[in-house]
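Tertiary structure, described
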Amino acid sequence: MEILSWVDYAGVAVFAATGALAASRKQLDFIAFVFLAATTGIGGGTLRDAILGLTPVFWVQQEIYLYICVVVAAVVFFTAHRFESRYRLLLWLDAIGMAIFCVKGAQIGLAATGSPTAAVVTGILSSTFGGVLRDILSGEQSVLMRREIYVTAALFGSAVWVLGDYIGSLFGERLGQYQHLSQEIASVAGFAVALFIRGGALYWDWKMPNY
Amino acid sequence: MEILSWVDYAGVAVFAATGALAASRKQLDFIAFVFLAATTGIGGGTLRDAILGLTPVFWVQQEIYLYICVVVAAVVFFTAHRFESRYRLLLWLDAIGMAIFCVKGAQIGLAATGSPTAAVVTGILSSTFGGVLRDILSGEQSVLMRREIYVTAALFGSAVWVLGDYIGSLFGERLGQYQHLSQEIASVAGFAVALFIRGGALYWDWKMPNY
Amino acid sequence: MEILSWVDYAGVAVFAATGALAASRKQLDFIAFVFLAATTGIGGGTLRDAILGLTPVFWVQQEIYLYICVVVAAVVFFTAHRFESRYRLLLWLDAIGMAIFCVKGAQIGLAATGSPTAAVVTGILSSTFGGVLRDILSGEQSVLMRREIYVTAALFGSAVWVLGDYIGSLFGERLGQYQHLSQEIASVAGFAVALFIRGGALYWDWKMPNY
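Residues numbered from 1 in each chain as written. Chains lettered and ligands numbered in written order. Predicted model: local features only at pLDDT ≥ 70, side-chain atom pairs only at ≥ 80, totals over all residues. Heavy atoms only, no water.

**Observations concerning the interface of chain C and chain A**
Each partner contributes residues to the interface: chain C has 26 residues there, and chain A has 29 residues. For the pair chain C and chain A, the two sides together bury roughly 2200 Å², of which 71% comes from carbon and sulfur. Taken together, the links from chain C to chain A amount to zero salt bridges. Seen at the junction of chain C and chain A, the total is five residue pairs in polar contact (both at pLDDT 80 or more). (Contact = heavy atoms within 4.5 Å. Buried area = accessible area lost by both parts, 1.4 Å probe. Salt bridge = Lys/Arg side-chain N within 4 Å of Asp/Glu carboxyl O. Polar contact = N/O pair within 3.5 Å; in protein donor to acceptor, adjacent residues only side chain to side chain.)

Quick look at the structure:
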């Protein structure tokens, strides 16, 4: 559980950093850094919880998520000028956050609904909506609307986790004490697939066949 | 009930088609077609359910709505180039979807709250919010912000259904076995009024007096 | 309670007026006036209730909020041309609405969660989200994204109320019959601080140090 929490915090932190970087690109003030960091960091999970009826949403009682966003906004406020290409950094952090949240979103979606399809959809929503909010609020064209492989990566990451979880459950009893391990393998696999697809799109400029 | 389900599926399908057409106009890839189709097809109902507290929202367990969006996105992906004016087609399909969803939204709103006013408002939200999301995400100016008769049509459609339902309930006992029929008349009347007003605006270029 | 309700209605009314003024600046029709007025007037509270799980959201049963928005939209429709600078008026009304709603949002957030941090966040969301929706829908650049002191004002207003409420609770028993008074002082203080900060930014063109 410890590790999972840390991964989760890391996901919020990198998304929050992309929000703060967007604020730095618009030369906004510190409060706007915090606002965009928090909107990006917890926006996807908020939509997920609202759709699933898991209210009050996750950050209402677990305030650490809010504090993470404030701290990250402060760090970016004082360091962003050091990075040569802030937009490039934003895109890579965004990729990592997306890869973490598609797995996390799928886990919560499956636990709440028992439906693999719904789990994939909540995985996609959790991992993309924060970035969509960031782009709309900061007036950038949404990454979804450019010829970028983004939702595709979240879809595959979520689906790989759901599949891995299903395979693990098939062998549930035989696995015994290793059952927990199979969960972690599924999570790492989903994360890795999502990051590989999105990272490949960023690094090698992969494109999907467009219309 | 059978017929109502099919009408409901048709509403999601035509809205999904408008989302996919918006994706085709932006020359996006297939996943973006699905994403915009689903956002448009189920966005309005998702907002309605979140506001009414009907969570998990409708498509979480009734996955057929998601599958409809995927299939529609695929069909549009392979056929949209055949249509001479994709935007014209988008507007007419959008009109049909709006007319279906203002009645559907008002029905669900009235059942959940017992309030005719709330029913009209949920009718308007269900039938317009998917299109608003589509327009915001695809970077088009929202139809609400142009001098178009749109919300007005949804308002009248919802109100006619609420009125028809009320009149039917007045004669409830006397109607006996025809009570179900009175419900259907109210639905068809609401649909027809909404489509007539919106269709008239599209065909005869009707305008409201503006400011 | 009487007074609090009236203040609350006033908050919805001034926010609704800013929505209607945005519609007048775009020369839209009357229904668009109502739609933008309602979106702005009740949008922030709707998000607050959805996040806290207080569903159906507040205006579903208390329809007076909807009627206020309709009446305000009508008044603005027939009078807005008399104002020399509609945008200036919009900004000042928006400041008053924000100052009312940061206190109101913090009160509801604290009552629902018991957490001061969550109360401040719901205060900020309640008082800013309606305006964000108005700006996105009417195609204006969001006030959050300009070098304006806005979220900062909502943050301080919410925080002052939370602090005042806490101080009042410390002396709870000793205050006796004056306990109600301490609540009102906290509310007025939160409102005044938020309005002073935002008003100062508007009048004296205060700026935060930006990036």
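**Overview of the relation of the copies chain B and chain A**
Rotating chain B by 120 degrees about the axis while translating it 0.0 Å along that axis superimposes it on chain A, leaving an RMSD of 0.0 Å. Here the two chains are linked by the operation of a three-fold rotation axis. Residue A50 of chain B of chain B places its C-alpha closer to the rotation axis than any other residue of that unit, at 3.8 Å. (Least-squares fit on C-alpha atoms with pLDDT ≥ 70 in both.)

**Examining the packing of helix α2 (residues 30-52) of chain B against helix α5 (residues 86-113) of chain B**
Residue and element names in this part refer to chain B. The contact between α2 and α5 brings their axes to 11 Å, and the two run at 15 degrees. Between α2 and α5, the angle is such that the two are roughly parallel. At the point where α2 passes α5, the crossing takes the right-handed sense. Two secondary-structure elements touch here, α2 through G41, R48 and L52 and α5 through F101, K104, G105, I108, G109, A112 and T113. Looking at side-chain class alone, the contact of α2 with α5 contains four nonpolar, four polar and two charged residues. (Axes fitted to C-alpha atoms, helices over the stretch in contact; angles between N-to-C directions. Helix = DSSP H or I, 4+ residues; strand = E, 2+ residues; numbered from the N terminus. Parallel < 35°, antiparallel > 145°, perpendicular 65-115°, else oblique. Left-handed = near helix turned anticlockwise from the far one by under 90°. Nonpolar A, V, L, I, M, F, W, Y, C, P; charged D, E, K, R; others polar.)

**Side note on the relation of the copies chain C and chain A**
Mapping chain C onto chain A calls for a screw motion: a turn of 120 degrees about the axis and a shift of 0.0 Å along it, with 0.0 Å RMSD after fitting. Little of the interface of chain C is mirrored in chain A: 4% of its interface residues are interface residues there too.

**Digging into a nonpolar patch on the surface**
Residue and element names in this part refer to chain A. On the surface, L163, Y166, I167, L170 and F171 cluster together into a nonpolar patch covering about 510 Å² of accessible area. Relative to the helices and strands, L170 resides in helix α7 (residues 151-170). Given the relative accessible area of 53%, L170 is considered exposed. (Patch = residues over 30% accessible without salt bridge, like charges linked within 9 Å, V, L, I, M, F, W, Y side chains within 5 Å. Areas by Shrake-Rupley, 256 points an atom, 1.4 Å probe, with all protein chains shown as cover. Buried < 20%, exposed > 50% of the residue type's maximum accessible area, 1.4 Å probe, protein only.)

**So, unusual backbone geometry**
The phi torsion of most residues other than glycine is negative, and most of the peptide bonds are trans. P56 of chain B follows T55 of chain B through a cis peptide bond whose omega is -10 degrees. Positionally, P56 of chain B belongs in the loop between α2 and α3 (58-61). With phi around 60 degrees, D205 of chain A is a residue other than glycine that occupies positive phi space. You can see D205 of chain A is positioned in the segment after α9 (179-203).

**As for the interface of chain B and chain A**
Facing 29 residues of chain B, the contacting portion of chain A comprises 26 residues. Together chain B and chain A conceal approximately 2200 Å² of surface at their shared face, both sides included; 71% is due to carbon and sulfur atoms. The interface formed by chain B and chain A contains zero salt bridges. Scanning the region where chain B abuts chain A turns up five residue pairs in polar contact (both at pLDDT 80 or more). For the side of chain B that touches chain A, the secondary-structure elements that each account for two or more residues are α2, α3, α4 (64-79) and α6 (116-137) of chain B.

**Observations concerning the confidence of the model for chain A**
On average, residues of chain A score 89 in pLDDT, and 96% of them reach the 70 mark or higher. The least confident element of chain A is helix α8 (residues 172-175) of chain A, whose mean pLDDT is 69; the most confident is helix α4 (residues 64-79) of chain A, at 95. (pLDDT = per-residue confidence, 0-100.)

**What about the packing of aromatic side chains?**
Residue and element names in this part refer to chain A. Summed over the entire model, instances satisfying the criterion amount to 30 aromatic pairs over all chains. Ring centres of F15 and F101 lie 5.3 Å apart, and the angle between their planes is 35 degrees; this geometry places the pair in the tilted category. Linking F15 in helix α1 (residues 2-25) with F101 in helix α5 (residues 86-113), this pair joins segments that are 86 residues apart in sequence. Taking relative accessible area as the criterion, F15 reaches 2% and is therefore assigned buried. Between the NZ or CZ atom of R48 and the centre of the ring of F58, over which it lies, the distance is 5.4 Å. (Phe/Tyr/Trp six-rings, centres within 6.5 Å; stacked < 30°, edge-to-face > 60°. Lys NZ or Arg CZ within 6 Å of the ring centre and 35° of its normal.)

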